[in-house]
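Observations on the model geometry
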Amino acid sequence: EPEVTQTPSHQVTQMGQEVILRCVPISNHLYFYWYRQILGQKVEFLVSFYNNEISEKSEIFDDQFSVERPDGSNFTLKIRSTKLEDSAMYFCASSGAGQGLGYTFGSGTRLTVV
Amino acid sequence: DAKTTQPPSMDCAEGRAANLPCNHSTISGNEYVYWYRQIHSQGPQYIIHGLKNNETNEMASLIITEDRKSSTLILPHATLRDTAVYYCIVGPYSGGGADGLTFGKGTHLIIQP
């Protein structure tokens, strides 16, 4: 069964440092997403991406965040200057749009900012 | 905010059917009902979705009331591996498109041996 792959599974970074979280979506999917989940809280939508541009973003996705699809397979989330409150699980998802299968989520990257 | 209301937790005996209710009284005509689950801290897993007809797949059945204001997810023969948080989500189209999904707190289903 096709999977969304995320790397790394764990990342520890110092406050103020830049981090890049990586995702390989399912190959024939067209829509890509990032979500985050702070420990013990709800899964929150960050951003959606289609046709090489952002389609929708939430209030959480401020200027510190950016996304990119640098090649035909990877989808990245960059946090420019991490804050303690950025510590969370970050989930990548992809969707085939109209295929009726919903999203496929990756297993997540646990980001810890110290 | 999530447009759905779910009980925070439920118990079910292993081997029995687990029936998870969801209220979505403000659902609009073009919105689907999606169910996802999250086992421990893994990524959410898609289970099933529907618009107005009842749906069944290899994982579960979805029963949507005629007025579409509520639905029930049925796991026909629950196993210990079905212990998870189950999210009922109302969203656009059929899972694709640009819109993000709004997750609520879900129902923590605990399958008892």
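These lines cover the structure that appears in this document, whether it is placed above or below. (Residues numbered from 1 in each chain as written. Chains lettered and ligands numbered in written order. Predicted model: local features only at pLDDT ≥ 70, side-chain atom pairs only at ≥ 80, totals over all residues. Heavy atoms only, no water.)

Digging into the overall build of chain A
The condition that has to hold: Secondary structure elements are taken from DSSP: a helix is a run of H or I of four residues or more, a strand is a run of E of two residues or more, and numbering for both begins at the N terminus. We compute the radius of gyration from the C-alpha atoms alone; for a globule the expected value is 2.2 Å times N to the 0.38, where N is the number of residues.
Along chain A, the regular secondary structure elements total zero helices and 11 strands. In chain A, the succession of helices and strands from N to C terminus is β-β-β-β-β-β-β-β-β-β-β. Over its C-alpha trace chain A gives a radius of gyration of 13 Å, about what one expects of a compact globule, namely 13 Å for 114 residues. Seen along its three principal axes, the alpha-carbon backbone of chain A occupies a region of about 40 × 25 × 25 Å.

Quick word on the side chain of Ser70(B)
Residue and element names in this part refer to chain B. The line we're drawing: Burial status follows relative accessibility: with a 1.4 Å probe on protein chains alone, a residue under 20% of its type maximum counts as buried, one over 50% as exposed, and anything between as partly exposed. Note on contacts: a residue pair qualifies if any of its non-hydrogen atoms lie within 4.5 Å across the two residues.
Its location among the elements puts Ser70 in strand β7 (residues 70-75). Here Ser70 falls in the buried class, since its relative accessible area comes to 19%. Sequence-distant contacts of Ser70, defined by excluding residues within four places in its chain, comprise Cys22, Asn23, His24, Ile63, Ile64 and Thr65.

Observations concerning the environment of Lys3(B)
Residues and elements named next belong to chain B. Basically, it comes down to this: Two N or O atoms count as a polar contact when they lie within 3.5 Å, although within protein this holds only if one can serve as hydrogen donor and the other as acceptor, and sequence-adjacent residues are included solely when both atoms are side-chain atoms.
Following the sequence through the fold, Lys3 ends up in the segment before β1 (9-13). Residue classification places Lys3 among the partly exposed positions, given a relative accessible area of 36%. Contacts of Lys3, omitting those with residues within four sequence positions, involve Asn23, His24, Thr26, Glu31 and Val90. Side-chain polar atoms of Lys3 contact the side chain of Glu31, separated by 2.8 Å.

Section: the packing of aromatic side chains
What counts here: Here a pair means two rings of Phe, Tyr or Trp (six-membered ring of Trp) with centres within 6.5 Å. Their orientation is stacked below 30 degrees between planes, edge-to-face above 60, and tilted elsewhere.
In this structure the tally under the stated criterion is 19 aromatic pairs over all chains. Ring centres 5.9 Å apart and planes at 35° place the aromatic pair Tyr103(A) and Phe105(A) in the tilted group. On the accessibility criterion, Tyr103(A) (2% relative accessible area) is buried. Looking at Phe105(A), the relative accessible area reads 9%, which means it is buried. Cluster of aromatic residues (ring-pair linked, three or more members): Tyr33(A), Tyr35(A), Phe45(A), Tyr103(A), Phe105(A), Tyr36(B), Tyr46(B), Tyr87(B) and Phe103(B).

A word on the sheet that holds strand β9 (residues 107-112) of chain B
The strands making up a sheet are joined through hydrogen bonds of the backbone, oriented either antiparallel or parallel. Residues and elements named next belong to chain B. Selection rule: Whether two strands pair depends on DSSP finding at least two bridges between them. Whenever a helix is involved, its axis is fitted only over the stretch in contact; in every case the axis is a line through C-alpha atoms, and angles between N-to-C directions fall within 0 to 180 degrees.
Spatial strand order, β1-β9-β8-β3-β4: five strands in an open sheet with mixed pairing. The sheet is open, and its two edges are formed by β1 and β4 (45-50), each paired on a single side. Strand-to-strand twist in this sheet, taken as the mean axis angle between neighbours without regard to direction, amounts to 25°. The pairing of strand β3 (residues 31-38) with β4 spans five bridges and is antiparallel. Bridged to Tyr36 within β4 is Tyr46.

Taken by themselves, the reported measurements are silent on function.
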